[in-house]
Structures are given as C-alpha cells and as structure tokens.
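In case you want the letters, here they are:
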Amino acid sequence: MIRPYPELEKALTRLALFPGKNGPPLIGVSGAQGSGKTTLVRAVAKAIGAAHLSLDDVYLSPHARQTLAQRHHNLFYTRGVPGTHDIDMLLSVLDALSAASETSRTPLPAFDKLADDRLPETDWPAFEGRPTAILIDGWCLGATPQTPEMLEVPVNALERDEDSDGDWRGAINRFLSGPYATLFNRFDNILHLLAPDFGVVETWRGHQQAQLLGRAMTDGEKTALHRFIQHYERLTRHMLAGGRLPGVSIQLDATRRPVGAPMESR
C-alpha cells in the first residue's frame with residue numbers, strides 16, 4: 001500500500017487520540033477527489049485500531065438515485081453531490097460503532113464504483129471489536145451551505161446548460177443544510193486536505209480512475225470524466241475558499257505533498 005506523507009498521518013493520529021463527545025472520537029477527513037484522503041484514513045485506522053468509513057460507500061443505489069432525480073432534478077442520478085448518499089444508514093452505522101463492545105462485529109457498507117452500485121450486505125466488510133476511533137473520509141465533509149446570492153451564477157457549463165434555473169444546486173444546498181449538517185455536527189473534529197486549486201482535481205481524479213480501471217483512460221472516458229468533475233466543482237471551490245466547518249486544515253501542493261504546518265480553526 002502507498003504510504004501517506006508522515007505529516008498527514010501524524011496530524012490525523014493526533015486528532016484521533018482526543019476523547020470523543022459520545023464514545024470513540026469521530027473524525028471526518030475532507031478533501032477534493034483524488035487528494036489521497038482514503039489512503040490516509042485507511043493507513044491511520046489500521047495503525048491505531050480505528051474503524052474506517054468512506055462517504056463513497058453509502059451512495060444511494062441507481063434505483064434510489066433515479067427516484068431522487070425524478071423528484072428533484074435529473075442531475076441527481078449522477079452520484080457524488082449531497083443528496084446522493086444514504087445519510088440515515090451512515091448514522092446508524094456510527095451508532096453501532098459507538099456502542100460496540102470488545103466482542104461486537106459491525107458490518108460496514110461498501111460500494112462498487114465500477115458497477116455503480118452498493119454491494120450486497122453479505123459482501124460488506126465488518127469491524128471486529130470496539131474501535132479506538134471512527135474515521136470517515138469524504139470529499140464534502142464539513143461543507144457549509146451557500147447563500148442564495150452565491151447560488152445564482154453558474155460555475156461551469158454543466159450548471160449553465162443543464163441547471164439554468166438553479167433547481168439542482170438549490171436542492172443540493174438544502175440537503176447540505178439538513179441531513180448532512182446533522183452528520184457533520186456529530187464530528188469531534190475535521191481534518192481538511194486543501195488542494196492548491198480546483199484545476200488539479202481533474203488530474204487527480206484521472207489518476208484515481210486509471211487505477212480503478214487498471215489501464216490508461218480512453219479519450220471518451222476522459223471526456224466523460226471532464227463532465228463528471230463539474231458536478232463537484234461548486235462545492236469544492238466553495239470549501240477551498242473557506243466554506244467549511246472549523247477544524248484542522250492542511251494545504252497540499254499539486255503532488256499532494258503537505259505544504260506548511262496544520263492550521264487550526266475553531
């Protein structure tokens with residue numbers, strides 16, 4: 001397994017060792033797509049006996065996203081933005097982990113990105129025992145809602161051409177203010193990994209996709225990725241500009257190397 005930078009491991013481990021408000025400390029790790037947050041959380045969880053969850057593993061099924069799209073906007077069929085995750089299920093798993101004993105076995109949801117569907121529960125991994133901490137990674141963890149004025153102007157071609165009336169981004173904002181805020185309020189702390197700018201995200205996500213495929217991407221797949229990344233652009237830019245809950249922020253360069261010391265905000 002590729003090892004994260006030691007500075008990142010040290011920062012996350014330090015947060016995970018503080019006592020939690022309600023049982024094992026619950027720490028969120030945010031970062032743009034391809035920033036290395038999952039690799040970081042997996043390494044630290046293994047080292048300290050923590051449970052590791054990913055927001056990506058609680059995506060709604062294609063059928064559930066189709067229902068969401070019919071109810072709100074057809075762009076919700078594409079997974080990723082607030083609204084496309086099963087937050088209630090995630091909260092239930094957090095409750096189970098928080099209450100786990102040394103003999104407990106807690107199933108953890110899993111999602112197959114290539115198949116674009118959640119795995120059957122019989123194929124879910126399980127955490128054995130009581131975790132020392134609960135670590136969750138997710139690209140939008142800790143994102144704050146935007147003001148109505150911020151929602152008015154499209155940030156890219158996708159919003160301009162396919163969400164001209166702003167219904168999609170408005171619904172995302174309402175989800176962020178509702179169930180996602182409920183999740184975020186449970187965190188004892190959040191570690192934010194900050195990309196140098198949004199421009200590197202497509203490159204990072206391209207590397208990630210090539211690893212998933214086990215080969216180089218075709219031109220058609222690169223075109224599809226370019227459109228896909230636009231679903232994430234608004235909130236990623238918002239978080240990089242300060243639209244995130246207080247926590248510990250670490251600036252990354254274009255190679256994902258940490259730059260400078262962690263910055264704490266309360």
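Here, the structure is the one placed above.
All residue numbers refer to position in the chain's written sequence, counted from 1. In view of the model being predicted, local features appear only for residues whose pLDDT reaches at least 70, and side-chain atom pairs are presented and counted only at 80 or more, with totals across whole chains, interfaces and linings using the full set of residues. Water and hydrogen atoms were dropped before computing side-chain values, which therefore reflect all heavy atoms in the structure.

Chemist: Looking at this model, I keep getting lost on the overall build of the protein. Mind explaining?
Modeler: Helix and strand assignments follow DSSP, with helices taken as H or I runs no shorter than four residues and strands as E runs no shorter than two, numbered in order from the N terminus. A tally of helices and strands in the protein yields 10 helices and 10 strands. What the globule rule says is 2.2 Å times the number of residues to the power 0.38, and the radius of gyration is computed from C-alpha atoms. Taken over C-alpha atoms, the radius of gyration comes to 18 Å for the protein, in line with the 18 Å a tight globule of 266 residues would show. The principal-axis extent of the C-alpha atoms belonging to the protein is close to 50 × 40 × 40 Å. For the protein, buried positions account for 50% of its 266 residues. Whether a residue is buried, partly exposed or exposed follows from its accessible area with a 1.4 Å probe, protein chains only, as a fraction of its type maximum: under 20%, in between, or over 50%, in that order.

Chemist: What exactly am I supposed to notice about the layout of surface pockets here?
Modeler: Left-over empty space is what a probe sized like a water molecule reveals as it rolls over the atoms. Residues are said to line a cavity or pocket when one of their atoms sits within 4 Å of a point; the points come from a 1 Å grid over protein atoms alone, cavities being sets where a 1.4 Å probe fits but cannot get out and pockets being open sets with protein on both sides within 12 Å along at least five of seven lines. Grid points are joined across faces, edges and corners, and a volume is the space filled by probe spheres set on the points. There is about 1100 Å³ of room inside the largest pocket. Residue lining of the largest pocket: 41 residues in total, with Gly36, Thr38, Thr39, Arg42 and Gln208 positioned closest to the centre. For the lining of the largest pocket, the secondary-structure elements that each account for two or more residues are helix 2 (37-48), strand 2 (51-54), strand 4 (111-112), helix 9 (201-213) and helix 10 (219-240). Broken down by element, the lining of the largest pocket gets its largest block of residues, six residues, from helix 9. Of the residues assigned to the lining of the largest pocket, the class counts are 19 nonpolar, 12 polar and 10 charged. Considering only enclosed or pocket space, the second largest pocket measures out at about 360 Å³ in volume. Lining the second largest pocket are 18 residues, and of these Arg79, Arg205, Gln209, Ala224 and Phe228 lie nearest its centre. No other element matches helix 10, which puts six residues into the lining of the second largest pocket. Lys, Arg, Asp and Glu make up the charged group, whereas Ala, Val, Leu, Ile, Met, Phe, Trp, Tyr, Cys and Pro make up the nonpolar group; the residues left over, Gly among them, are polar. Classifying every residue of the lining of the second largest pocket gives eight nonpolar, three polar and seven charged.

Chemist: Teacher, can you tell me more about the sheet that holds strand 9 (residues 248-252) here?
Modeler: Strands in a sheet are paired, the pairing made by backbone hydrogen bonds, and the direction either parallel or antiparallel. Paired strands, as defined in this entry, are two strands with at least two bridges between them according to DSSP. Strand order across the open sheet formed by six strands is 2-7-1-8-9-10, with mixed pairing between neighbours. In this open sheet, the two strands that pair with only one neighbour each are strand 2 and strand 10 (258-264). Between one strand axis and the next, the sheet turns through 15° on average, direction left out of account. As paired strands, strand 9 and strand 10 are joined by four bridges and run antiparallel to one another. Bridge pairing in strand 10 places Val248 opposite Glu264. Angular values range over 0 to 180 degrees, each being the angle between N-to-C directions of two axes fitted as lines to C-alpha atoms, with helices fitted over their stretch in contact.

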